[in-house]
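Survey of secondary and tertiary structure
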Amino acid sequence: MKLKFMSSRIGELICGITFDPRTSEGTIAFNTAVVAERDLERALSTCKLVYAAGLNVGPYARIIEGGESFNGVSIQKGFSGILTICSITIDGVLLKAGIPVQPLCGGIVQVTEKMPVRFTDILRYDSTTLDPLDVFMSQELTSVLEMINTGSGKVLASVREVPMAARTQLENLLSDLMDAEFKGILEVGEPNSDLLEMPVNRGHIGVAIIGGINSMAAVKESGIEIQTSAMSGLADIRDMDCNLLSS
Amino acid sequence: MTNIETQRKLVEILRILDESDEAIGARMIAASLGQRGYPIGERAVRHYLVLLDYKGFTIKIGNAGRIITEKGLKELNEAIVGDRVGFVITRIDELVYKTSFDLKQRNGDIIINVATIDKNDFDVAIEAAAETVDSGYTVSPYVRFLEEGDKIGAVFVPYGSAGLVTMCSMTVDGILIKHGIPSSIKYGGLLEIQNRQPVCYTDLISYQGTSLDPIQIFTARQMTSILTAARSGEGKVLANVRTVPAVAAEKSIELLRDAKKAGIVGWIETPIQESSPGICAESDVVEINNYAGANPMAALYELGISVKVHSISALMDVKLLNQRL
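Residues numbered from 1 in each chain as written. Chains lettered and ligands numbered in written order. Predicted model: local features only at pLDDT ≥ 70, side-chain atom pairs only at ≥ 80, totals over all residues. Heavy atoms only, no water.

Attention shifts here to the overall build of chain B. Across its full length, chain B carries 12 helices and 13 strands. Taking 325 residues into account, the globule formula puts the C-alpha radius of gyration at 20 Å, and chain B, at 21 Å, falls close to it. Reported as C-alpha extents along the three principal axes, the dimensions of chain B are approximately 60 × 50 × 40 Å. When burial is assessed residue by residue, chain B has 54% of its 325 residues classed as buried. When the accessible surface of chain B is totalled, it reaches about 14,400 Å², and 49% of it is carbon and sulfur. Taking the 34 positively charged and 40 negatively charged side chains of chain B as two groups, their mean positions are separated by 6 Å. (Helix = DSSP H or I, 4+ residues; strand = E, 2+ residues; numbered from the N terminus. Rg over C-alpha atoms; globule rule 2.2 N^0.38 Å. Buried < 20%, exposed > 50% of the residue type's maximum accessible area, 1.4 Å probe, protein only. Areas by Shrake-Rupley, 256 points an atom, 1.4 Å probe, with all protein chains shown as cover. Lys, Arg positive; Asp, Glu negative; His and termini not counted. Charge placed at Lys NZ, Arg CZ, Asp CG, Glu CD.)

Moving on, we get to the environment of A:Val155. Residues and elements named next belong to chain A. Examined against the element boundaries, Val155 turns out to sit in strand 8 (residues 153-163). Residue Val155 is classed as buried on the basis of its relative accessible area of 0%. With residues up to four places along the chain from it excluded, the contact list for Val155 reads Leu55, Gly107, Ile108, Val109, Val111, Val144, Met147, Ile210 and Asn214. (Contact = heavy atoms within 4.5 Å.)

What follows deals with the domain arrangement of chain A. All names here are of chain A. As far as domains go, chain A holds domain 1 (6-87 + 215-239) and domain 2 (98-210). Here the C-alpha centroids of domain 1 and domain 2 sit 19 Å apart. Listed as interface residues are 33 residues of domain 1 and, on the opposing side, 32 residues of domain 2. Note on domain 1 versus domain 2: buried area summed over both sides is about 2,500 Å², and carbon and sulfur give 67% of it. When the area that domain 1 buries against domain 2 is broken down by residue, the three leading residues are Met6, Leu55 and Glu221, summing to 24%. Between the two partners, domain 1 and domain 2, sit 2 salt bridges. Summed over the shared surface of domain 1 and domain 2, the result is 12 residue pairs in polar contact (both at pLDDT 80 or more). When contributions to the side of domain 1 that touches domain 2 are tallied by element, the ones reaching two or more residues are helix 1 (6-15), helix 2 (40-52), helix 7 (214-221) and strand 11 (227-236). Of the residues in the side of domain 1 that touches domain 2, the class split is 20 nonpolar, 10 polar and 3 charged. (Domains from an automatic or database assignment. Buried area = accessible area lost by both parts, 1.4 Å probe. Salt bridge = Lys/Arg side-chain N within 4 Å of Asp/Glu carboxyl O. Polar contact = N/O pair within 3.5 Å; in protein donor to acceptor, adjacent residues only side chain to side chain. Nonpolar A, V, L, I, M, F, W, Y, C, P; charged D, E, K, R; others polar.)

On to the packing of helix 3 (residues 88-96) of chain A against helix 6 (residues 167-179) of chain A. All names here are of chain A. Between helix 3 and helix 6, whose axes approach to 11 Å, the crossing angle comes to 130 degrees. Classified by the angle between their axes, helix 3 and helix 6 sit oblique to one another. You can see that helix 3 and helix 6 cross each other, and the crossing is right-handed. Of the residues in helix 6, those touching helix 3 at Ile90, Val93 and Leu94 are Leu170, Leu173, Leu174 and Leu177. In terms of residue class, the contact of helix 3 with helix 6 is made up of 7 nonpolar, no polar and no charged. (Axes fitted to C-alpha atoms, helices over the stretch in contact; angles between N-to-C directions. Parallel < 35°, antiparallel > 145°, perpendicular 65-115°, else oblique. Left-handed = near helix turned anticlockwise from the far one by under 90°.)

The next point concerns a nonpolar patch on the surface. All names here are of chain B. A contiguous nonpolar surface patch, about 220 Å² in accessible area, is contributed by Ile59, Ile61 and Ile67. With respect to the secondary-structure elements, Ile67 resides in strand 2 (residues 65-68). Accessibility expressed as a relative area gives 31% for Ile67, which makes it partly exposed. (Patch = residues over 30% accessible without salt bridge, like charges linked within 9 Å, V, L, I, M, F, W, Y side chains within 5 Å.)

The next subject is the nonpolar core. Ranked by internal contacts, the top residues of the largest apolar core, which has 146 residues, are A:Phe119, A:Phe182, A:Met231, B:Met170 and B:Tyr207. Other than its neighbours up to four places away in sequence, A:Met231 contacts A:Met6, A:Arg9, A:Ile10, A:Leu13, A:Phe30, A:Asn31, A:Cys86, A:Ile88, A:Tyr125 and A:Asp131. Ranked by size, the runner-up nonpolar core spans 29 residues in total, among them B:Val114, B:Val139, B:Ala248 and B:Ile288. (Core = buried A, V, L, I, M, F, W, Y, C linked by side-chain atoms within 4.5 Å.)

Predicted confidence across chain B gives a mean pLDDT of 89, with 94% of residues reaching 70 or more. Here the predicted complex scores 0.82 on pTM and 0.82 on ipTM. (pLDDT = per-residue confidence, 0-100.)

All told, the structure shown has 2 cavities of 30 Å³ or more when counted by the stated rule. Within this model, the largest cavity holds a volume of roughly 70 Å³. What lines the largest cavity is a set of 13 residues, among which A:Cys86, A:Ser87, A:Leu133, A:Ala230 and A:Met231 lie closest to the centre. For the lining of the largest cavity, the residue count by class is 7 nonpolar, 5 polar and 1 charged. When residues of the lining of the largest cavity are assigned to domains, at least three map to each of domain 1 (6-87 + 215-239) and domain 2 (98-210) of chain A. Roughly 50 Å³ of volume is contained in the second largest cavity. Considering the residues around the second largest cavity, the lining is formed by B:Asn113, B:Cys168, B:Ser169, B:Met170, B:Tyr207, B:Ile215, B:Asn240, B:Ala292, B:Gly293, B:Ala294, B:Ser311 and B:Ile312. (1 Å grid on protein atoms, 1.4 Å probe; cavity = no way out; pocket = protein on both sides within 12 Å on 5 of 7 lines; lining within 4 Å. Points joined across faces, edges and corners; volume = space filled by probe spheres on them.)

Moving on, we get to the sheet that holds strand 8 of chain A. All names here are of chain A. The strand order across the open sheet built from 5 strands is 7-6-8-10-9, with neighbouring strands paired in antiparallel fashion. Looking at the sheet topology across the chains shown, the edges are occupied by strand 7 (115-124) and strand 9 (185-188). Averaged over neighbouring strand pairs, the angle between their axes works out to 30 degrees when direction is ignored. (Pairing = 2+ DSSP bridges.)

Turning to the interface of chain B and chain A, a few remarks are in order. Contact with chain B, which involves 31 residues of that partner, is made by 27 residues of chain A. For the pair chain B and chain A, the two sides together bury roughly 2,300 Å², of which 54% comes from carbon and sulfur. Scanning the region where chain B abuts chain A turns up 1 salt bridge. Where chain B packs against chain A, one counts 9 residue pairs in polar contact (both at pLDDT 80 or more). Among the elements of the structure, helix 4 (70-78), helix 5 (81-84), strand 9 (197-206) and helix 9 (214-220) of chain B are those that each provide at least two residues to the side of chain B that touches chain A. No other element matches strand 9 of chain B, which puts 6 residues into the side of chain B that touches chain A. Each residue belonging to the side of chain B that touches chain A can be placed in one class, and the counts come to 15 nonpolar, 11 polar and 5 charged.

This is the structure:
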């Protein structure tokens, strides 16, 4: 078995992303969460809460019943799978537009009174074979529900950098994404400046995006057993339900 | 928003207060700051302390000086992520540098891991830890027990708990470096054991790219099966990888053999299957694999025992590790 670092896994996934925010068509990357069938309703209502608070990549989601499979993800009987959009989809969109985007790391962002303040922990993609956001979630370092209730807490986000020359195009694409209901953009940095106290390379702009896995972190915080695997596969956006989280 | 230079000094002051057992004043803080590469006068320190008091991070105790508050501790754990990324490696480098273990005399300071365990579970815990040690997935069979209220480095053994100290595998890096071999710590990983033989890594995290300790990540995610590995010879244990220049391979092996004779037994002699091209991507270096000293602690998680592992936490005189598990 060959070990694969997250950076190479992202590289492979990103090539398959064809989502076009203007037409809302194409393939996206998704995260998978598995909960016991009896917990599904409760878990979903938490996911809706998180989506309503804007702590999600987009409104698209899909439920996989126990015993079924979907694009390489199989769910055992007695369990249910919840698929949400992975923030790597946004990197794919930037890449398809010709921007050399470099996904850097996943981390925990401290939010105080609804404003993102700083990263308190990060794990670089080229340093790990485990997904950073999965790692942080299982370390119980998040407080997504608290953030929703009080406006202050710790949420999961990922960081990528793009050359500062691509700034205008970046801003246009991000605004297209917002129009397509992809509202998870947390912070776009200034060139050559730290992004939420995280250093960015010279000549680059850092972009922080809310992790699609926040809803799962919230489910875990609410005391429900949940297994997650971020960046678990690719799917056509037509196979995802765009009303599941907003209903 | 204070600038980054000031912020670093403020955080360093908090760290000094945290590491001290008692309230300390501006003069001692200024002296400690000087040792840590921040030459600041006593008067400036007083100014910073007023700022920290104002933020609620420190509090004045009569004339004795200041102590850190709960809020200050929280700040210390969260502040300046840019400085803390790779913080694990900075801490390792510092401890490795300070190691003074002498292979011939078998004395000096080594690096330790500390685990705090609920007192009620302590007997069961020690039994399981001993089982892990017997199977060889550790650095040294010698440990030390701590009582509630003891403090080592930044680790405090809470009331109702007891502590277990084991030798950390980074001690080996200290030995190599003291003999002029530039050992470079790369990864913490999950090592698969089959038929009691280490086979390959199934997951790796680099010490350079994380603000959390890789060994702690694997432990808290309960990805290990150390007890099964100890009992049946099949399972996953914690290990780490460093590289040394190929020209120093022979001398390194000699030192590692001497270390084994001196009771530091964590070195994995069998080569690990080339599981990732990434590990040894550099040419002219060779890998050295070591079982993690935290294995006996991580094994306790598998039993459902409530335990907190602080790996690579401090230095200790090797003589103090005098209990054999």
